[in-house]
Amino acid sequence: MELKNGTFEAPEKIAHIGIAVHNIENSLAFYNDLLGLTLENVEEVESEQVKVAFLKIGESRIELLEPISKESPIAKFLERKGEGIHHIALEVNDIEKRLLQLKTEGIRLINEQPKEGSNNSQIAFLHPKSTNGVLVELCQHY
Ligand code: ZN
């Protein structure tokens with residue numbers, strides 16, 4: 001089958017896997033203390049109403065997401081499904097053009113425009129209905 005991604009390079013790696021948790025401190029007992037993954041940073045992402053912690057694992061990261069308000073999408077996720085894998089983030093370049101191209105191909109976008117993510121990144125989510133049931137985040141670091 002012909003590739004329909006035009007001139008875009010394929011995403012170069014899994015930037016991170018997002019895991020929804022009730023409490024980051026408690027979760028670090030496993031991911032940091034027991035597994036020994038290095039905690040890189042903890043910050044709050046206003047736009048998503050979450051606190052996030054990044055743990056380095058090879059070229060990728062594990063992102064722990066804790067809601068900081070009831071309006072947070074993560075709070076709603078935890079209510080519906082409990083703790084668990086929330087999304088997979090793919091590292092891309094040209095995030096804006098890529099979103100446009102995906103939209104043109106009929107992919108449902110949650111964010112039509114990239115927004116401010118953690119760690120100096122621009123992010124946008126694709127709808128699971130268009131990605132085989134997985135919430136996919138596109139992520140571009142500067
Ligand atoms: Zn993420």
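To keep things clear, this report deals only with the structure shown in the data block. All chains use their own residue numbering, which begins from 1 and follows the written sequence. Totals for whole chains, interfaces and linings use every residue, but because this is a predicted model, local features are given only for residues with pLDDT of at least 70 and side-chain atom pairs only at 80 or more, for both listing and counting. Only hydrogens and water are set aside when side-chain values are computed; all heavy atoms of the structure are taken into account.

1. Regarding the coordination of the zinc ion
Here comes step 1: Excluding water, the donors of a metal are its N, O and S neighbours within 2.8 Å, or within 3.2 Å for Na, K and Ca, and that exclusion means sites may look incomplete. Summarising the metal site, the zinc ion is bound by the protein donors His16 (NE2), Glu63 (OE), His87 (NE2) and Glu137 (OE), whose distances to it range over 2.0 to 2.2 Å.
Here comes step 2: In the primary sequence, the donor residues of the zinc ion line up as H-x46-E-x23-H-x49-E. With Glu63 in strand β4 (residues 60–67) and Glu137 in strand β8 (residues 136–141), the pair connects residues that are 74 residues apart, well separated along the chain.
Here comes step 3: Buried residues are those whose accessible area, probed at 1.4 Å on protein chains only, stays under 20% of the maximum for their type, while exposed residues exceed 50% and partly exposed ones sit between those limits. You can call Glu63 buried: its relative accessible area is 5%.
Here comes step 4: By relative accessible area, Glu137 is classed as buried at 4%. Helix and strand definitions here come from DSSP, where helices need a minimum of 4 consecutive H or I residues and strands a minimum of 2 consecutive E residues; each element is numbered from the N-terminal end.

2. Quick word on the pattern of salt bridges
Here comes step 1: Each reported salt bridge corresponds to a side-chain nitrogen of Lys or Arg within 4 Å of a carboxyl oxygen of Asp or Glu. In the structure shown here, the tally under the stated rule is three salt bridges.
Here comes step 2: A salt bridge links Arg61 to Glu40; the shortest N-O distance between them is 2.6 Å. Separated by 21 residues along the polypeptide, Arg61 in strand β4 and Glu40 in strand β2 (residues 38–45) bring together distant segments of the chain.
Here comes step 3: Put simply, Lys115 and Glu48 hold a salt bridge, and the shortest N to O gap is 2.1 Å. With Lys115 in strand β6 (residues 115–116) and Glu48 in the loop between β2 and β3 (50–57), this pair connects stretches of sequence that are 67 residues apart.
Here comes step 4: The exposure class assigned to Glu48 is buried, which follows from its relative accessible area of 15%.

3. Some details on helix α2 (residues 73–81)
Here comes step 1: Within the sequence span of α2, burial applies to Ile74, Ala75, Phe77 and Leu78. One side of α2 carries all its buried residues, which in axial view fall inside an arc of 160 degrees. Opposite the buried face of α2, by more than 90 degrees, sit the exposed residues Glu79 and Arg80.
Here comes step 2: Only heavy atoms matter for contacts: two residues are in contact if any of them lie within 4.5 Å across the pair. Buried-residue contacts for α2 involve β1 (13–20), β3, β4 and β5 (84–91).
Here comes step 3: Near the N-terminus of α2, the side chain that reaches the backbone nitrogen of Ile74, with its oxygen 3.1 Å away, is that of Ser72. Directions are taken from the helix axis to each C-beta atom, and the arc is the one they span. Between N or O atoms, a polar contact is any pair within 3.5 Å; within protein, one atom must be a potential hydrogen donor and the other a potential acceptor, and residues adjacent in sequence are included only when both atoms are from side chains.

Any functional reading would require information beyond the geometric quantities listed.
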